[in-house]
Amino acid sequence: YRISVKREPFGKASSFLHESVKVGDIIDANRPAGDFVLDTESDRTLVLISPGIGVTPLLPMLHNHVDEKKGKRKAIWIHGARNGKQHPFQGEVSDLKSEAAEGDVTTHARYSQPLPKDEGSYDSLGRINIELLESLIPDLQKADYYMCGNGAFMADVEEMLQLAGVDPHRVQSETF
């Protein structure tokens with residue numbers, strides 16, 4: 001297993017993990033036990049939507065897609081971040097896109113507050129909105145959606161999708 005922990009300046013757990021635990025150390029933890037899992041039997045377009053560290057549970061889903069579904073299903077990853085400094089796993093997602101069969105994975109990064117050095121490292125400016133989703137997802141109403149983010153973000157995106165006619169049963173989410 002791999003864990004991903006965003007370092008928070010005053011966070012006791014994140015500070016301990018970043019300062020004291022090293023790769024290969026053994027920690028006592030429970031196994032994943034939630035119901036936020038990828039439907040690997042579906043052939044509908046897979047849409048992964050994440051802001052910030054919401055990328056964490058979606059990244060293994062993209063790994064599974066690339067490893068198991070070559071040519072059988074399209075995947076679209078839409079990620080929102082403030083800027084390149086706060087864009088976790090950008091390189092890993094890019095590598096997975098390169099490993100995927102031609103056209104199997106498309107990615108889109110949207111920065112709300114890009115830094116001058118971010119030029120060329122993101123696709124559009126602003127927050128994730130319905131216009132962006134409609135422009136990136138050709139079969140918007142038929143796709144399967146997996147999202148992870150904070151409560152306000154999740155509520156906004158779920159409402160956008162519902163107003164666009166997406167069946168709520170096609171939307172899976174996990175808040176943090």
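Preceding this section is the structure that the text describes.
Please read all numbers here as calculations on a predicted model, not as lab measurements.

**What to know about the sheet that holds strand β5 (residues 144–149)**
- With parallel pairing, the six strands of this open sheet are ordered in space as β4-β3-β2-β1-β5-β6. Pairing within the sheet leaves two strands with one partner each, and these edge strands are β4 (124–125) and β6 (171–175).
- As paired strands, strand β3 (residues 105–111) and β4 are joined by two bridges and run parallel to one another. Residue pairing in the sheet places R110 in a bridge with S124 of β4.
- The strands that helix α2 (residues 55–68) touches are β1 (46–51), β2 (75–81), β3, β5 and β6; relative to β1, the one it contacts most, it runs at about 155°.
- Its contacts with the sheet place helix α5 (residues 151–163) against β1, β5 and β6, and it is angled at close to 160° to β5.

**Brief notes about the nonpolar core**
- The biggest cluster of nonpolar side chains holds 21 residues, and the ones touching the most others in it are I49, I78, L133, I137, Y145 and L161.
- Among the secondary structure elements, those contributing two or more residues to this core are β1, β2, α4 (130–136), β5 and α5.
- Ranked by the residues each element gives to this core, the list is headed by α5, at five residues.
- Discounting chain neighbours no more than four positions away, the residues touching L133 are I49, I78, I128, L140, V157, M160 and L161.
- L46, L62, A75 and L96 belong to the second largest nonpolar core, which has 18 residues in total.

**Focus: the pattern of salt bridges**
- Throughout the structure, instances matching the rule amount to six salt bridges.
- In this structure, E19 engages R7 in a salt bridge whose closest nitrogen and oxygen atoms are separated by 2.6 Å. Here the residue E19 occupies a position in helix α1 (residues 12–20), and R7 occupies one in the segment before α1, the gap between them amounting to 12 residues.
- Take R7: its relative accessible area is 42%, and that puts it in the partly exposed class.
- D144 is paired through a salt bridge with R170; the nearest N and O atoms lie 3.9 Å apart. Taken together, the residues span a long stretch of sequence, with D144 in strand β5 and R170 in the loop between α5 and β6 at a distance of 26 residues.
- What makes D144 buried here is its relative accessible area of 4%.
- We classify R170 as partly exposed; its relative accessible area is 24%.
- Linked by salt bridges that have partners in common, R44, R73, D144 and R170 make up one network.

Conventions adopted
- Per chain, residues are indexed from 1 in the order of the written sequence.
- At least 70 in pLDDT is required for a residue's local features to be given in this predicted model, at least 80 for side-chain atom pairs to be given and counted, and no such filter applies to totals for whole chains, interfaces and linings, which use all residues.
- Working from all heavy atoms in the structure, the side-chain values ignore hydrogens and water.
- Pairing between strands is defined by DSSP: at least two bridges between them are needed.
- Only DSSP runs of H or I with at least four residues qualify as helices, and only runs of E with at least two residues qualify as strands; both kinds are numbered from the N terminus onward.
- By definition in these notes, contact holds between two residues if any of their heavy atoms fall within 4.5 Å.
- Think of each axis as a best-fit line through the C-alpha atoms, taken over the contacting stretch in the case of a helix, with angles from 0 to 180 degrees between the N-to-C directions.
- Residues belong to a common nonpolar core when they are buried Ala, Val, Leu, Ile, Met, Phe, Trp, Tyr or Cys residues joined through side-chain atoms within 4.5 Å.
- Buried means the residue's accessible area, taken with a 1.4 Å probe over protein chains only, is under 20% of the maximum for its type, while exposed means over 50%, and partly exposed covers the values in between.
- Each salt bridge in this description consists of a side-chain nitrogen of Lys or Arg and a carboxyl oxygen of Asp or Glu lying within 4 Å of one another.

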